[in-house]
Structure formats: structure tokens, C-alpha cells
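Below are the chains, spelled out letter by letter.
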Amino acid sequence: MKSEPVTESGIEPRPGFHGCVRAPPGARASAGGLGGLASPPMKSDTARAWVLAAIDLVFPALCPVCSAALGAGRRDPLCGACWRAIERVRAPLCELCGLPFPGFGTPADEGTLVGRCQACATAPPPFAWARAGGIYAGALRDAIHAFKFGGKQPLARPLAGLVLEQARAWLSAGVAALVPVPLAPARERERGFNQALLLAERLGAEAGVAVRPRWLRRTRPTAPQADLTAVERSRNVRGAFAATPAVRGLEVVLVDDVFTTGATVAECVRALRAAGARRVGVLTVARVV
Ligand SMILES: [Zn+2]
Ligand SMILES: [Zn+2]
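Criteria and thresholds
- Residues numbered from 1 in each chain as written.
- Chains lettered and ligands numbered in written order.
- Predicted model: local features only at pLDDT ≥ 70, side-chain atom pairs only at ≥ 80, totals over all residues.
- Helix = DSSP H or I, 4+ residues; strand = E, 2+ residues; numbered from the N terminus.
- Buried ≥ 20, exposed ≤ 12 C-beta atoms within 10 Å, placed from the backbone.
- Contact = placed C-beta atoms within 7 Å.
- Axes fitted to C-alpha atoms, helices over the stretch in contact; angles between N-to-C directions.
- Left-handed = near helix turned anticlockwise from the far one by under 90°.
- Nonpolar A, V, L, I, M, F, W, Y, C, P; charged D, E, K, R; others polar.
- Pairing = 2+ DSSP bridges.
- Right-handed = clockwise from strand over helix to strand, strands pointing away.
- pLDDT = per-residue confidence, 0-100.
- Arc of directions from axis to C-beta.
- Core = buried A, V, L, I, M, F, W, Y, C linked by C-beta atoms within 7 Å.
- Domains from an automatic or database assignment.
- Parallel < 35°, antiparallel > 145°, perpendicular 65-115°, else oblique.

### Structural notes on the overall build of the chain
Summing up its helical and strand segments, the chain has nine helices and nine strands in all. Counting over 289 residues, the chain shows a buried share of 36%. The contacts in the chain between residues at least 6 apart in sequence include a share of 69% that link residues at least 24 apart.

And the structure:
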């Protein structure tokens, strides 16, 4: 398994600033904000690393979630403390939807699957499997909020890194493409980006899997899922997606930020299956438990 690119000191060599907020206020840097500073080609990565280290010294890079200096173990732009605070999804868990069974079994059971959760046993979901990087709480929930609503798009990097850390094995050679859950066009215009697409692009680049955002589209607008019950969520998104025949016969993986009740991903998977996809898995950064 390929690990995150971290040096022995635990400080990740950074090709750019990744949108970190830098102190003091007024010295805000975005991914492109200081791009000009590094644009003349450096003689070596070492020289570049020294320049970045020197800038860090004067304007310490701050975590977009907790505003602390990034420090050791950082996953730019997330600080080391926030990265470590993320509660990972641990086995034993439901073999289908990936729901962890806390308190079930002993630590020796880690890494084993113990059948299906009640919901999957009662009504099996349309996807072959679903896995997530972490539990939707604390630092991870804050990071996803900053990513989606705070315009901290560079957080796609550590969030996708979390998915790979926990679930890279699910991106096997048989997976033909990653398909992000499409955002309603109006919402995407308002936000300026689709968070699922940014995550899929990072995952695809790291794992060497193609990303196909056009294989799935929304066919009608839906109300925001946040304030709805599970039954209402399911009804709200029913028939709201359509997939292209390009998926016929292929194994694909759907990508989204949060698995809540699974209503949205299930509906996306139904559309992909209806278009002929042979097998559909689901990867999300976080999972509500
Ligand atoms: Zn932090
Ligand atoms: Zn389940």
C-alpha cells in the first residue's frame, strides 16, 4: 500500500501552499495566491523546500480547521493534531454498507468482517459494498464543513488521503472508473465546485483510476437532504439520477463526501446499474454512525 508522501521528519514536502491561511491576517495565501513566488524554476526540490521552510518561519501556515500551526504529522493543509484526531472507521463492520459495530467482538477481531447490519440484512442495498475513511464527527466533520462550505478546496488532498489510508484495497485493478455524485447545477454554480468531483480527482490521481464525472447526471432538482428523515430522503432523490450506457459491463466506484442514510448513493447506484454497470462500490470520506 502506498502511503502518504511524508518525509522522515513528518513534514510533508509541499509543492504549493494548498490554500493554508497564513499569519498575520492580511497575508492570506491561496493555492494560486503566492504562485508567482515559486514560478521561476527552482534548481532543485531541496532549494524549493528551503524557500518554503523560510516562508513558514515568517508566516506560519495555519490549519483551516483549528487555526493552529500545522506542525509535525501534518497533512497539508490539515494540521497534525486534526489529522490524528480523526476517528477512523474500524472493523468489525457490516460487509455491505461498512457500518462499524462498536463494542462488538474484541480488538483481535480488527480486520475481520462479521456479516451484515440489521438494515442490510432486511433490505440489501443496491451497491456491492460501501466503505468510508472516518466517522462523521469532530475534526473530520469540521474539515468537511470547511471543505464544502468554507471554500477550503485544498482539503480535498488530506480527505482523499484518509480514504486511501483506510480503503485503498477497494480500488482494485478491476475498477474501471470513479464516478462522483453529481451536484445539482444550481448548487454547483453557487459553491463554485463539486466536492465529490474534487475528491474523485485526488483519489483517481493517487490510485491511477480514471474519473468519469459525465457518466452520472441529475435529471431533476431535489430538496437539500439535511432536514429530511430517512424515508423522506429516499423519496426526495428517487429517480433523480441517470447514467450513460458507457458504464455497461463495467465495475465502477461512486465517490461522495459523506454517507448519511445512504439514500443518495443508493439512488446513484440504481441509475448506474440500470445503465448496465456490472458492479458498483461506494467510497466516502466520512460515515454517519
Ligand atoms: Zn487543525
Ligand atoms: Zn450494512
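### Re the packing of helix α8 (residues 230-237) against helix α9 (residues 263-274)
Between α8 and α9, whose axes approach to 9 Å, the crossing angle comes to 35 degrees. When you trace α8 past α9, the crossing you get is right-handed. Where α8 approaches α9, its residues Ala230, Arg233, Ser234 and Val237 are matched on the opposing element by Ala263, Thr264 and Glu267. Partitioned by chemical class, the residues of the contact of α8 with α9 number three nonpolar, two polar and two charged.

### A closer look at the environment of alanine 167
Along the polypeptide, alanine 167 turns up in helix α5 (residues 156-167). Classification of alanine 167 as buried rests on a count of 21 C-beta atoms within 10 Å. In contact with alanine 167, not counting residues within four places along its chain, are Arg131, Gly133 and Leu283.

### Considering the pairing of strand β4 (residues 177-180)
Bridge count for β4 against strand β5 (residues 210-211) is two bridges, and the pairing is parallel. Paired with alanine 177 across the bridge in β5 is alanine 210. Strand direction decides the pairing type here: β4 and strand β8 (residues 251-259), joined by four bridges, are parallel. Looking at the pairing, proline 180 lines up with valine 255 of β8.

### Describing the pairing of β8
Counting buried positions along β8 yields eight of nine residues, so the element is predominantly enclosed. In this fold, the crossover linking β8 to strand β9 (residues 279-287) by way of α9 has right-handed handedness.

### Thoughts on the sheet that holds β8
Pairing in this open sheet of five strands is parallel, and the strands run β3-β9-β8-β4-β5 from one edge to the other. A single partner strand is all that each edge strand has here, and the edge strands are β3 (129-135) and β5. Relative to the sheet, α9 contacts β3, β4, β8 and β9, its axis offset from that of β8 by approximately 165 degrees.

### Thoughts on the confidence of the model for the chain
Looking at the chain, the pLDDT average stands at 83 and 79% of residues meet or exceed 70. When the criterion is pLDDT under 50, residues 1-39 qualifies, and its contacts beyond four places in sequence or with other chains add up to 59 contacts.

### Brief notes about helix α4 (residues 138-148)
For α4, the full list of buried residues reads Ala139, Leu140, Ala143, Ile144 and Phe147. Projected down its long axis, α4 shows its buried positions confined to an angular sector of 135 degrees, all on one face. For α4, the secondary structure elements touched by its buried residues are α2 (80-85), β3, α5, α7 (195-207), β8 and β9.

### A closer look at the nonpolar core
Counting 66 residues, the largest nonpolar core has Ala143, Leu199, Leu254, Val255, Val265 and Leu272 as the members making the most contacts within it. Mapped onto the domain boundaries, this core takes at least three residues apiece from domain 1 (21-84) and domain 2 (107-287). For leucine 199, the residues in contact, after removing those within four places along its chain, are Ala156, Leu159, Ala160, Val255, Asp257 and Val285.

### Things to note about the packing of α5 against α7
The N-to-C vectors of α5 and α7 enclose an angle of 60 degrees; their axes lie 9 Å apart at closest approach. One finds that α5 runs oblique with respect to α7. Seen from above, α5 lies across α7 with right-handed handedness. Here Ala156, Arg157, Leu159, Ala160, Val163 and Leu164 of α5 come into contact with α7, specifically with Leu198, Leu199, Arg202, Leu203, Glu206 and Ala207. Tallied by class, the residues present in the contact of α5 with α7 amount to nine nonpolar, no polar and three charged.

### A look at unusual backbone geometry
Residue proline 77 follows aspartate 76 across a cis peptide bond; omega there is 0 degrees. Look at the link from alanine 91 to proline 92: it is a cis peptide, with omega at 5 degrees. As for its position among the elements, proline 92 is in the loop between α2 and α3 (118-122). Phi angles above zero are rare outside glycine, and serine 67 is one such case at about 65 degrees.

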